[in-house]
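# Working through the structure, step by step
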Amino acid sequence: DAKTTQPPSMDCAEGRAANLPCNHSTISGNEYVYWYRQIHSQGPQYIIHGLKNNETNEMASLIITEDRKSSTLILPHATLRDTAVYYCIVRGGGGSQGNLIFGKGTKLSVKP
Amino acid sequence: DAMVIQNPRYQVTQFGKPVTLSCSQTLNHNVMYWYQQKSSQAPKLLFHYYDKDFNNEADTPDNFQSRRPNTSFCFLDIRSPGLGDAAMYLCATSGLSGVWEKLFFGSGTQLSVL
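Reading guide: rules and limits
- Along every chain, residues carry numbers that run from 1 in the direction the sequence is written.
- Chain letters and ligand numbers both follow the written order, the letters beginning at A and the numbers at 1.
- Local features in a predicted model are, by the rule used here, given only for residues with pLDDT of at least 70; side-chain atom pairs are given and counted only at 80 or more, and totals for whole chains, interfaces and linings are based on all residues.
- As a convention, hydrogens and water are excluded, and side-chain values are obtained from all of the structure's heavy atoms.
- Numbering of helices and strands runs from the N terminus; a helix is a DSSP stretch of H or I covering at least four residues, while a strand is a stretch of E covering at least two.
- What the globule rule says is 2.2 Å times the number of residues to the power 0.38, and the radius of gyration is computed from C-alpha atoms.
- We call a residue buried when its accessible area falls under 20% of the maximum for its residue type, exposed when it is over 50%, and partly exposed in between, using a 1.4 Å probe and counting protein chains only.
- Residue contacts follow a heavy-atom distance rule, with two residues in contact if any of their heavy atoms lie within 4.5 Å.
- Residue-level accessible areas treat just the shown protein chains as cover; the underlying method is Shrake-Rupley with a 1.4 Å probe.
- His is not counted here, nor are the chain ends, while Lys and Arg score as positive and Asp and Glu score as negative.
- Throughout, a charge is located at the NZ atom of Lys, the CZ atom of Arg, the CG atom of Asp or the CD atom of Glu.
- DSSP calls a pair of strands paired once it identifies at least 2 bridges connecting them.
- Polar contact criterion, stated in full: a pair of N or O atoms within 3.5 Å, where within protein one must be able to donate a hydrogen and the other to accept it, and residues adjacent in sequence count only if both atoms are side-chain atoms.
- Here a cavity denotes grid points, spaced 1 Å and computed from the protein atoms alone, that fit a 1.4 Å probe unable to get out, and a pocket denotes an open set having protein on both sides within 12 Å along at least 5 of 7 lines; residues with an atom within 4 Å of a point are the lining.
- Grid points are joined across faces, edges and corners, and a volume is the space filled by probe spheres set on the points.
- Three classes are used, and their members are as follows: Ala, Val, Leu, Ile, Met, Phe, Trp, Tyr, Cys and Pro are nonpolar, Asp, Glu, Lys and Arg are charged, and the others, Gly among them, are polar.

Looking now at the overall build of chain A. Each helix and strand in chain A was counted, giving zero helices and nine strands. Taken from the N to the C terminus, the helices and strands of chain A come in the order β-β-β-β-β-β-β-β-β. Relative to its length of 112 residues, chain A is compact, with a C-alpha radius of gyration of 13 Å against a globular reference of 13 Å. Based on the C-alpha atoms only, the size of chain A along its principal axes is roughly 40 × 30 × 25 Å. Counting all 112 residues of chain A, 47% fall into the buried class. Counting contacts in chain A only where the partners sit at least 6 residues apart, residues at least 24 apart contribute 56% of the total. By element, 48% of the accessible surface of chain A is carried by carbon and sulfur atoms, the whole surface being about 5800 Å². Averaging the positions of the 11 positive and the 9 negative side-chain charges in chain A gives two centres separated by 4 Å.

This brings us to the pairing of strand β4 (residues 45–50) of chain A. Residues and elements named next belong to chain A. Counting buried positions over the six residues of β4 gives five, a clear majority of the element. Two elements, strand β3 (residues 32–38) and β4, share five bridges in a ladder whose sense is antiparallel. The partner of Y36 across the bridge, within β4, is Y46. Where β3 hands over to β4, the hairpin turn is made up of six residues, of which S41 adopts a positive phi near 65°.

Residue and element names in this part refer to chain B. Checked against the element boundaries, S94 lands in strand β9 (residues 87–94). Residue contacts for S94: discarding those within four places in its chain leaves H29, N30, V31, Y33, E101, K102 and L103. Of the polar contacts made by the side chain of S94, one reaches the side chain of Y33; its length is 3.3 Å.

To continue, consider the layout of surface pockets. Size it by volume and the largest pocket reaches roughly 720 Å³. Lining the largest pocket are 25 residues; nearest its centre among them are H40 and V85 of chain A together with Q37, S40 and Q41 of chain B. For the lining of the largest pocket, the secondary-structure elements that each account for two or more residues are β8 (84–91) and β9 (106–111) of chain A together with β9 of chain B. Among the elements that line the lining of the largest pocket, the one with the most residues is β8 of chain A, at three residues. The residue makeup of the lining of the largest pocket, split by class, is ten nonpolar, eleven polar and four charged.

Spelled out as structure tokens, the structure:
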């Protein structure tokens with residue numbers, strides 16, 4: 001079973017920041033938080049990942065709370081092309097714990 | 001440049017007729033995965049190869065098999081497709097440089113069963 005909880009859907013106005021929350025209250029010390037997104041009829045696409053510290057790349061920022069029980073993915077200036085299902089995934093070490101197990105995700109709709 | 005290539009993009013088969021989906025990669029990655037994604041659901045891991053070692057998920061039906069003849073190619077065989085097997089099948093790869101290694105997905109093969 002997925003180890004994360006996300007809202008099923010969110011709306012965001014084009015040009016505004018999109019903040020997507022994720023709860024992972026049972027995360028263990030060696031588990032990373034990953035974010036992927038899936039645009040309609042395409043394969044999932046990696047966005048960002050983190051362990052403890054906040055992370056930023058060209059696509060997004062990831063804010064992880066100090067207790068690591070939740071995180072927020074931030075798309076700073078959402079565009080219509082960011083409309084997709086966003087998956088927050090907790091992934092740990094080797095063996096089956098290292099496999100990417102998807103939860104239900106958040107469907108983000110960016111509107112003009 | 002396409003890095004994980006799945007062919008065909010759309011596949012139609014008949015109930016009970018064996019079908020094979022293919023995946024190739026140009027990344028030279030050690031690990032290859034197969035996911036099944038039914039309409040409006042999240043991708044579900046079926047199995048993966050760690051080099052030549054096959055790892056099946058506990059709840060993957062026996063009807064689904066896989067082959068990996070070399071590093072670049074991996075196949076998904078459905079021995080007797082049922083109507084419930086209609087889905088998008090996604091192939092993904094990852095390297096072994098660390099637990100944080102990200103997965104690269106193909107565009108998927110949409111399977112219809114008539």
